[in-house]
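For reference, the chains in residue letters:
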Amino acid sequence: AEERGLLAAICESPEDDTPRLVYADWLDDHEEPDHAEFIRGQIAIHSMPPDDDRWLSLGRRLADLEDRLLPRFRRRLPRGVHLSAMTSELADTAD
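In this text the structure is predicted, and so the values were computed from the model without any measurement.

This paragraph deals with the environment of Ser-47. Within the element layout of this structure, Ser-47 appears in helix α3 (residues 33-47). Looking at Ser-47, the relative accessible area reads 60%, which means it is exposed. A polar contact is formed between the side chain of Ser-47 and the backbone oxygen of Ala-44, at a distance of 2.9 Å.

Shown next as structure tokens:
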């Protein structure tokens, strides 16, 4: 129930990173540090220019994490919520 509330907050404010960071903290507290790292890394990479020396290595790390985490995470999403394959940002898709 708590996780669903956090996901709902992300959907309600898709442009705000704060709910994502709160969710990342929650994931850390619930023994999912890789998923928390993934979310924080997404936020970081979206704020840095592609010519930043860290961009390529962070992008590779995120791709590795996404490959491992995405299948399991998709099964946990509430109905009406999907995960974008490109950025894994949550978006409300309810009709």
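This is not the end of the story, as more comes after the structure.
What follows covers the pattern of salt bridges. Applying the stated rule across the entire model yields seven salt bridges. The residue Arg-68 makes a salt bridge to Asp-64 at a minimum N-O spacing of 3.7 Å. Of this pair, Arg-68 and Asp-64 both sit in helix α4 (residues 53-76), separated by four residues, roughly a single helical turn. Residue classification places Arg-68 among the partly exposed positions, given a relative accessible area of 43%. Judged by its relative accessible area of 35%, Asp-64 falls in the partly exposed class. A single salt-bridge network, built from bridges that share partners, covers Asp-34, Glu-37, Arg-61, Asp-64 and Arg-68.

Moving on to the packing of helix α1 (residues 2-12) against helix α2 (residues 18-29). At a minimum axis separation of 8 Å, α1 and α2 run at an interaxial angle of 160°. Comparing their axes, α2 and α1 come out roughly antiparallel. With respect to the hand of their crossing, α1 and α2 are arranged in left-handed fashion. Listed contacts from α2 to Glu-2, Glu-3, Leu-6, Leu-7, Ala-9 and Ile-10 of α1 are Pro-19, Arg-20, Val-22, Tyr-23 and Trp-26. In the contact of α1 with α2, the residues fall into eight nonpolar, no polar and three charged.

Attention shifts here to α1. Among all positions in α1, only Glu-3, Leu-6, Leu-7, Ile-10 and Cys-11 are buried. Buried residues of α1, seen end-on, are gathered within an arc of 145° and therefore sit on one face of the element. In α1, those exposed residues whose orientation departs by more than 90 degrees from the buried face are Glu-2 and Glu-12.

Quick look at α4 now. With 24 residues, α4 should cover 34 Å at 1.5 Å per step; its first-to-last C-alpha distance of 34 Å lies within 8% of that length. In the structure, α4 departs most strongly from a straight axis at Leu-69, where the bend amounts to approximately 45° and where the proline Pro-71 lies between one and four residues downstream.

With that settled, consider the nonpolar core. Counting residues in hydrophobic clusters, the biggest one holds 12 residues: Leu-6, Leu-7, Ile-10, Tyr-23, Ala-24, Trp-26, Leu-27, Ala-36, Ile-39, Ile-43, Phe-73 and Leu-77. Among the elements that make up this core, the one with the highest residue count is α2 (four residues). Core analysis: the second largest hydrophobic core is formed by seven residues, Phe-38, Met-48, Leu-58 and Leu-62 among them.

So, how was this worked out
- Within each chain, residue numbers correspond to sequence positions counted from 1 in written order.
- Given that this is a predicted model, residues contribute local features only at a pLDDT of at least 70 and side-chain atom pairs are listed and counted only at 80 or more, while totals for whole chains, interfaces and linings are drawn from all residues.
- Heavy atoms throughout the structure, all of them, feed into the side-chain values; hydrogens and water do not.
- The helix and strand labels rest on DSSP assignments: H or I over at least four residues marks a helix, E over at least two residues marks a strand, and numbering proceeds from the N terminus.
- The buried label applies to any residue whose accessible area, calculated with a 1.4 Å probe on protein chains only, is under 20% of its type's maximum; exposed applies above 50%, and partly exposed to all values in between.
- Polar contacts, as counted here, are pairs of nitrogen or oxygen atoms within 3.5 Å of one another; within protein the pair requires one atom able to donate a hydrogen and one able to accept it, and residues that are adjacent in sequence qualify only if both atoms are side-chain atoms.
- Salt bridge criterion: a side-chain nitrogen from Lys or Arg within 4 Å of a carboxyl oxygen from Asp or Glu.
- Helix axes use the C-alpha atoms of the stretch in contact, all axes being lines fitted to C-alpha atoms, and the angles between their N-to-C directions lie in the range 0 to 180 degrees.
- Orientation labels follow simple angle bins: below 35 degrees gives roughly parallel, above 145 gives roughly antiparallel, 65 to 115 gives roughly perpendicular, and whatever is left gives oblique.
- Crossing handedness is read from the near helix: turned anticlockwise from the far helix by less than a right angle, it gives a left-handed crossing, and turned clockwise, a right-handed one.
- Whether two residues touch is decided by their heavy atoms; if any such pair falls within 4.5 Å, the residues are in contact.
- Lys, Arg, Asp and Glu make up the charged group, whereas Ala, Val, Leu, Ile, Met, Phe, Trp, Tyr, Cys and Pro make up the nonpolar group; the residues left over, Gly among them, are polar.
- Here the arc refers to the set of directions running from the helix axis out to each C-beta atom.
- Helix span, as expected, comes to 1.5 Å for every residue beyond the first.
- Across the chain, bend at a residue is computed as the angle between axes fitted to the seven residues ending at that point and the seven starting from it.
- What we call a nonpolar core is a set of buried Ala, Val, Leu, Ile, Met, Phe, Trp, Tyr and Cys residues that are connected through their side-chain atoms within 4.5 Å.

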